[in-house]
Amino acid sequence: MANSKFEYVRNFETQSTLLPSTYIVVRLDGRGFHRISTHYNFAKPNDIRALNLSNAAALNVCRELKDVLVAYGESDEYSFILRRETTLFNRRAEKLISTFVSLYTAHYIALWPKFMTDTPLDFKCIPTFDGRAVCYPTLAIVKDYLSWRFVDTHINNLYNTVFWTLVLKGGMTTTEAEKKLSGTFSADKNEILWKDFGINYNDEPEIFKKGSLIFKGKIRHCDVVKGIDEFFEGCT
Ligand code: DGT
Ligand code: MG
Ligand code: MG
Ligand code: MG
């Protein structure tokens, strides 16, 4: 290979390698989805089309990058948990993060017309995602990571469901709804839904309450905390 006098610039390239023998979690999150969801008039608090779209994009990522053990998505985010022994891209952080981000984004955009029917993409407001990779040294912490995202889904969804019910069905302003919910516990929120609106939170769609988990090529909406051992069976 010809060496030019310019070759030395390569020495400025650095790379970070993720710790060996650790679980790698790549989490993607929509950039400015507050604006995106407003621009495209997403249903509040959950737009089933957008959730199905994100699941389809994530499923395609899992099909292509086989070292993903489990993936979990809610709102505008998706976490991909890679097996401990993965040598994907020699565990180079930049390669891993950028590949996940671009694969997921490409599928999200390509699948948009299929899921967001009657809502054409506006290239002045294009959905994009950021990503990070975190190494977790023990299986126990990985399980806690997944449980953390699952519990987050539950807490946010209960809050958002009551909040938007108060606004859209109860005629409150967003400020009034915020004030009413301030300092309330889960039981109080369930009570408001049931007493004032006849809504049983348990009857809300599973995908909203539990998020979406991809395991062995299938999407499920299950109690992640309860079923967690199944997803890591045989892992140490
Ligand atoms: P970021 O992540 O710092 O770039 O900013 P955002 O705006 O993406 O903030 P984030 O990720 O904390 O929150 C997600 C936003 O996306 C939040 O404003 C609610 C919105 N969003 C996500 N899914 C839906 C949906 O299904 N329906 C509606 N109406 N909004 C959604
Ligand atoms: Mg973010
Ligand atoms: Mg976001
Ligand atoms: Mg988010």
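Residues numbered from 1 in each chain as written. Chains lettered and ligands numbered in written order. Predicted model: local features only at pLDDT ≥ 70, side-chain atom pairs only at ≥ 80, totals over all residues. Heavy atoms only, no water.

As a reminder, the rule being used: UniProt positions are given in the numbering used here, feature names are shortened, and annotations may be inferred rather than shown by experiment.
You'll find the protein chain entered in an unreviewed UniProt entry as tRNA(His) guanylyltransferase, with Wickerhamomyces pijperi given as the organism. Word for word, the UniProt comment on the protein chain under Function (unreviewed entry) is "Adds a GMP to the 5'-end of tRNA(His) after transcription and RNase P cleavage." What UniProt states about the protein chain under its Sequence similarities (unreviewed entry) heading is, verbatim, "Belongs to the tRNA(His) guanylyltransferase family."

## A few points about the site of ligand 1
For the record, the criterion: Put simply, a residue is near a molecule or strand once any heavy atom of it comes within 4 Å of that molecule or strand. Pairs of N or O atoms are called polar contacts if they sit within 3.5 Å, as long as, within protein, a hydrogen donor faces a hydrogen acceptor (for residues adjacent in sequence, only side-chain-to-side-chain pairs). Each accessible area value is a Shrake-Rupley result obtained with a 1.4 Å probe; residue values ignore everything except the protein chains displayed when judging cover. Every helix listed is a DSSP run of H or I at least four residues long, and every strand listed is a run of E at least two residues long, numbered separately from the N terminus. Only Asp, Glu, Lys and Arg are considered charged, only Ala, Val, Leu, Ile, Met, Phe, Trp, Tyr, Cys and Pro nonpolar, and every remaining residue, Gly among them, polar.
Asp29, Gly32, Phe33, His34 and Asp47 are the nearest of the 15 residues found near ligand 1. In the environment of ligand 1, an oxygen atom lies 2.7 Å from a nitrogen or oxygen atom belonging to the backbone of Phe33. Protein contact buries 64% of the 630 Å² of open area that ligand 1 shows by itself. Going through the elements one at a time, strand S1 (23–30) and helix H1 (33–39) are the ones with two or more residues in the shell around ligand 1. Examining the composition of the shell around ligand 1, we find that 3 residues originate from one element, H1, more than from any other. In terms of residue class, the shell around ligand 1 is built from 4 nonpolar, 6 polar and 5 charged.

## Side note on the pattern of salt bridges
For clarity, the threshold we go by: For this document, the term salt bridge refers to a Lys or Arg side-chain nitrogen within 4 Å of an Asp or Glu carboxyl oxygen.
Under the definition given, this model contains 11 salt bridges. The partner of Lys210 in a salt bridge is Glu206, with the nearest N and O atoms 2.5 Å apart. Separated by 4 residues within a single helix, Lys210 and Glu206 lie in helix H7 (residues 206–210), roughly one turn from each other. Beyond isolated ion pairs, a larger network of salt bridges with shared partners links Glu74, Glu77, Arg149 and Asp152.

## Topic: the coordination of the magnesium ion (ligand 3)
Stated formally: With water excluded from the atoms, a metal site may look incomplete; its donors are any N, O or S atoms within 2.8 Å, or within 3.2 Å for Na, K and Ca. Key to geometry: four donors with every angle between 85 and 135 degrees are tetrahedral; four donors are square planar and six octahedral where opposite donors lie over 155 degrees apart and all remaining angles lie between 65 and 115; all other sites are irregular.
Taken together, the protein donors to the magnesium ion (ligand 3) comprise Asp29 (OD), Gly30 (O) and Asp76 (OD), at separations of 2.1 to 2.2 Å. Of note is the magnesium ion (ligand 3), whose 6 donor atoms meet at the metal with angles of 77 to 177° in an arrangement that counts as octahedral. Read in sequence order, the donor residues coordinating the magnesium ion (ligand 3) give the pattern D-G-x45-D.

## A word on the packing of helix H4 (residues 139–168) against helix H5 (residues 174–181)
Here is the rule: Between N-to-C directions, angles cover 0 to 180 degrees, with each direction set by a line fitted to C-alpha atoms, over the stretch in contact for helices. When an angle is under 35 degrees it counts as roughly parallel; over 145 it counts as roughly antiparallel; between 65 and 115 it counts as roughly perpendicular; any other value is oblique. Crossing chirality is assigned from the near helix's rotation relative to the far helix, an anticlockwise turn below a right angle marking it left-handed and a clockwise turn marking it right-handed. Contacts between residues were defined by any pair of non-hydrogen atoms, one from each residue, lying within 4.5 Å.
Two elements in contact, H4 and H5, have axes whose closest approach is 9 Å; the angle formed by their N-to-C orientations is 135°. Between H4 and H5, the angle is such that the two are oblique. Between H4 and H5 lies a crossing of right-handed hand. Here Tyr159, Val162, Phe163, Trp164, Leu166 and Val167 of H4 come into contact with H5, specifically with Thr174, Ala177, Glu178, Lys180 and Leu181. Here the contact of H4 with H5 is built from residues that sort into 8 nonpolar, 1 polar and 2 charged.

## Comments concerning helix H2 (residues 48–64)
Just so we agree on the cut-off: Expected span of a helix: the number of residues minus one, times 1.5 Å. Partly exposed describes any residue whose relative accessible area lies between the buried limit of under 20% and the exposed limit of over 50%, with all areas from a 1.4 Å probe on protein chains only and scaled to the type maximum.
Helix length check: H2, at 17 residues, gives a terminal C-alpha distance of 25 Å against a target of 24 Å (1.5 Å per residue), a fit within 8%. Burial of H2 is extensive: 12 of the 17 residues sit out of reach of the surface. All of the buried residues along H2 are Ala50, Leu51, Leu53, Ser54, Asn55, Ala56, Ala57, Ala58, Leu59, Asn60, Val61 and Cys62. Elements in contact with the buried residues of H2: strand S2 (68–74), strand S3 (77–82), helix H3 (93–115), H7, strand S5 (212–215) and strand S6 (218–220).

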